[in-house]
Every structure is written in C-alpha cells, then in structure tokens.
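# Geometric and topological summary
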Amino acid sequence: MTEIPKTLEAAIAQSREATQAAIADGLTRLQVELVFPELKPMPVAQQFIEVFADLGSHIKVYFPDAGAAALARRDWGELPFEVRGIGEIKGKMQPDDQAFILVAPSSVEVVEVEKICEEAGDRPLIMLNPCLEDISTIGIGYAGRQLRERFLSTFETCYYLRPLEQAALLRCYPSPWQVWLENQDDYQLIAEVAQKPVGEDLDRLLAKETSENTDQPTTPPKTGFFKDLQRLLKALGQ
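Residues numbered from 1 in each chain as written. Predicted model: local features only at pLDDT ≥ 70, side-chain atom pairs only at ≥ 80, totals over all residues. Heavy atoms only, no water.

## Let's talk about the overall build of the chain
- Scanning the chain for helices and strands turns up eight helices and nine strands.
- Across the 238 residues in the chain, those meeting the buried criterion constitute 45%.
- Of the contacts formed within the chain by residues at least 6 apart in sequence, a portion of 62% connects residues at least 24 apart.
- Accessible surface computed for the chain: about 12700 Å², of which carbon and sulfur atoms make up 51%. (Helix = DSSP H or I, 4+ residues; strand = E, 2+ residues; numbered from the N terminus. Buried < 20%, exposed > 50% of the residue type's maximum accessible area, 1.4 Å probe, protein only. Contact = heavy atoms within 4.5 Å. Areas by Shrake-Rupley, 256 points an atom, 1.4 Å probe, with all protein chains shown as cover.)

Structural data, given as structure tokens:
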C-alpha cells in the first residue's frame, strides 16, 4: 500500500519507483511533481536521475537554459550522461539515447519542449516539476486550453506529492490519486479517485471527512513532515 513519505529523500525514492513501474507498463511520457514552493529542482533531479543509473551515458538531462545546465554540471561533478540546456545545439538527441529527463521546464520553453517530446518518439521522457502552465505566459483562455489538449494531456502523472492545510494529495503509480488527512501522529487515507481532484472536487472530499469527524474529540495535530520540510526549504533558500 502506498504511504505518505516521511522525508524528502523517501519521496524522491518513491517517485523513482513509480516511474519505473510506469515505464515497465509501457508508458513513455511521464510527469513527476513534488509541489513544495521553496523546493529547488537541482538537488531533487540529482537524486531522481538514479532511476536510470543502469543506462549510463544513454540518457540526456535537460534544464531550461544553458546556464542552469552548466551549474548542474559544476555541482554534480563528473557524469556518465549529458546535461544540457533546452535548445542547446550540443544537446541534440542521438539515436542511441534511451531516455530523457526535463528538469523544471517552464512555459517559456514550451515550444522547444514539444519538439523534444516529438523527437523522443516512444523513448521514455520524464518532466520533473514542470511549470508549463504559467498563466502570465500562455493565458487562461484558448491558448492554455490548447496546450493542455494538444500536449499536456499526453503525459501520465506517475508521481505527485503536494501538501495541503493539514492534508496531502498524493499519486504514486500505479495507485490512484489519494487524499490524506493529517491526524495527531500520522496521515490517514480518506479518499482514492481515478482523476486528479482539484478545486471544488478536492474541497468536497476534505469537507466530507471533516464533517464526519466533527462530533469526535480531537487533539491538535503535531507539526507534520510537510510543515517541517517547508520551513527547512525556506531557511535554505534565504
């Protein structure tokens, strides 16, 4: 049974397992999201890439630009695989490339990202913490809808972890989307649904559980993993 991870490292390890399971089932366009506002993508990517450790030089890792790729190469040291910026000539795909990871691509690079995905064909391609639906860039109307229908809908979210107010939203392939509620000592699974619950749908799931427990004596929850992690990430980012 899928459980809420207790550390960031455990969450990344869980995301690797979900990715491997999805690829084993024949899925090739995958999305992995750890939705913490202060989370830096580079250290997450460094740990996540271990999912393809057996491929050695046959993977390519893309960052949004050449500068971010250069920083990764500097910080990660000698690597068996290539790390490039999206759009770099040196980062062009090769026939013997077997998998691709796009780290935090934004809506600014969406055209280049689509081209990379087309060129990848049926080879596995994972977007790690993408930010492709930036309203300020693509808008909230026709352009955004077209992007979702034409491109983003072709991806399977194999891993998603997002803290909510005393709750969490988790998807760890092949499990369905799960809503977890924080209690005194841990997190309790309160709902499983086939599609990602957002907006009013998510509110209803949380409200239903809360209303059912209003007559029961409650103890204020201890500070949970997500709050501790967000404080740590914020401190590290300052």
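## Re unusual backbone geometry
- Along the chain, tyrosine 173 connects to proline 174 via a cis peptide bond; the corresponding omega equals 10°.
- Its location among the elements puts proline 174 in the loop between strand S7 (167-172) and strand S8 (177-182).
- For asparagine 129, which is not a glycine, the phi torsion comes out positive at approximately 50°.
- One non-glycine residue, glutamine 166, lies in positive phi territory at about 55°.
- Residue placement: glutamine 166 occurs in the loop between strand S6 (156-164) and S7.
- The partly exposed category is assigned to glutamine 166, whose relative accessible area is 31%.

## A closer look at the pattern of salt bridges
- Applying the stated criterion across every chain yields a total of 10 salt bridges.
- One salt bridge connects glutamate 156 with arginine 171, and the closest N-O pair in it is separated by 2.7 Å. Here glutamate 156, found in strand S6, pairs with arginine 171, found in strand S7; they are 15 residues apart in sequence, far enough to count as distant.
- By relative accessible area, which is 9% here, arginine 171 ends up buried. (Salt bridge = Lys/Arg side-chain N within 4 Å of Asp/Glu carboxyl O.)

## Looking at the nonpolar core
- Counting 43 residues, the largest nonpolar core has Leu34, Val61, Phe63, Trp76 and Tyr159 as its most contacted members.
- Considering each element in turn, this core owes the most residues, five residues, to helix H1 (residues 8-24).
- Contacts of valine 61, omitting those with residues within four sequence positions, involve Ile49, Phe81, Glu82, Val83, Arg84, Ile101 and Val103.
- Counting residues in each nonpolar core, the second largest holds 16 residues, with Met93, Ala120, Leu125 and Leu132 among its members. (Core = buried A, V, L, I, M, F, W, Y, C linked by side-chain atoms within 4.5 Å.)

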